[in-house]
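# Summary of the model geometry
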Amino acid sequence: MPPPFNHPSLELELLAQTFFVKQFPVDAGVPAAITSGLNAAQQTQGVFSITRTGEEISVVGEAVDDDGEWRCIKIAGPMNFGLTGVICNFTTPLRDANVPVFAVSTWNTDYVLVPKEKADAAVTALTEDGWRFRENSQVPRDA
């Protein structure tokens, strides 16, 4: 269930485009095609994330020609940085609906990617749990 207050920053949006999620070995570095994608992303308002740890490099971005395997649910934001439990409350109904997630957090908000074939189930689970989707969201009509 969403945190116990109703606030527009916690409304959800199912983004229209599809996304890719890729993993690379840390010793391989970030491939040039990925860094050129980051430069291209500066020209759009899209989502593009590179995360490097000691074990891996993870890259998330908008797919070309809608051929990505993931859909993205954005928490509207910006959220107060002291707000706690949002990701836990958000992912619990997805866990209960057997929907895998890949979460990306920024300073302002969170983006949760779900396999595109599970997007309808994710929207249904979140809606039934009390989360609200914005009217401009790409939510299926029967959700």
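Provided above is the structure to which this section pertains.
Small disclaimer: the values here were computed from a predicted structure and weren't measured. (Residues numbered from 1 in each chain as written. Predicted model: local features only at pLDDT ≥ 70, side-chain atom pairs only at ≥ 80, totals over all residues. Heavy atoms only, no water.)

## A closer look at the overall build of the protein
Under the convention used in this document: In this text, helices come from DSSP runs of H or I with a minimum length of four residues, and strands from runs of E with a minimum of two, each type numbered from the N-terminal end. The cut-offs for exposure are 20% and 50% of the maximum accessible area for each residue type, with area from a 1.4 Å probe on protein chains only; residues under the lower value are buried, those over the upper are exposed, and the others partly exposed. Each accessible area is a Shrake-Rupley result for a 1.4 Å probe, and residues are judged covered by the shown protein chains and nothing else.
Looking only at helices and strands, the protein features 3 helices and 7 strands. Reading the protein from its N end, one meets helices and strands in the order β-β-α-β-β-β-α-β-β-α. Counting every position in the protein, which comprises 143 residues, the buried fraction comes to 38%. Here the protein displays about 8500 Å² of accessible surface, and carbon together with sulfur accounts for 49% of that area.

## Comments concerning a negative patch on the surface
Short version of the rule: Patch membership is restricted to residues that have no salt bridge and whose relative accessible area is over 30%. Joining uses 9 Å for like charges and 5 Å for the nonpolar side chains Val, Leu, Ile, Met, Phe, Trp and Tyr. By definition here, a salt bridge exists when the distance from a side-chain nitrogen of Lys or Arg to a carboxyl oxygen of Asp or Glu is within 4 Å. A residue counts as positive if it is Lys or Arg and as negative if it is Asp or Glu; His and the chain ends are not included. Every charge is mapped to an atom, namely NZ of Lys, CZ of Arg, CG of Asp or CD of Glu.
A contiguous patch of negative charge on the surface is contributed by Asp 65, Asp 66, Asp 67, Glu 69 and Glu 117. Mapped onto the fold, Glu 117 is located in the loop between β7 (110-115) and α3 (119-128). Looking at Glu 117, the relative accessible area reads 64%, which means it is exposed.

## What about the pattern of salt bridges?
Throughout the structure, instances matching the rule amount to 3 salt bridges. Salt-bridge contacts for Glu 11 lead to Arg 132; the nearest nitrogen and oxygen are separated by 2.6 Å. In this pair, Glu 11 sits in the segment before β1 (12-14) while Arg 132 sits in the segment after α3, placing the two residues 121 residues apart along the sequence. Close ionic contact of Arg 134 with Glu 11 constitutes a salt bridge, the shortest N to O distance being 3.1 Å. Linking Arg 134 in the segment after α3 with Glu 11 in the segment before β1, this pair joins segments that are 123 residues apart in sequence. Since its relative accessible area comes to 30%, Arg 134 is described here as partly exposed. Bridged by salt links that share partners, the residues Glu 11, Arg 132 and Arg 134 form one connected network.

## Examining the nonpolar core
The condition that has to hold: For our purposes a nonpolar core is just a set of buried Ala, Val, Leu, Ile, Met, Phe, Trp, Tyr and Cys residues, chained together by side-chain atoms within 4.5 Å.
By size, the foremost hydrophobic cluster in this structure holds 18 residues, and its most contacted members are Leu 12, Ile 73, Phe 90, Leu 94 and Leu 126. Going through the elements one at a time, β1, β5 (70-75), α2 (86-96), β7 and α3 are the ones with two or more residues in this core. Top element by residues in this core is α3. It accounts for 4 residues. In this structure, Leu 15, Phe 19, Val 60 and Leu 113 belong to the second largest nonpolar core, which totals 9 residues.

## Focus on α3
Short version of the rule: It is the directions from the helix axis to the C-beta atoms that the arc portrays. The contact criterion used is simple: two residues touch if any of their non-hydrogen atoms lie within 4.5 Å.
Restricting attention to buried positions, one finds in α3 the residues Ala 119, Ala 122, Val 123, Ala 125 and Leu 126. In a view along the axis of α3, the buried residues occupy a sector of 165 degrees, so they form one face of it. Its buried side turned inward, α3 meets β1, β5, α2 and β7. In the segment just after α3, Gly 130 is the residue with positive phi, at about 105 degrees.

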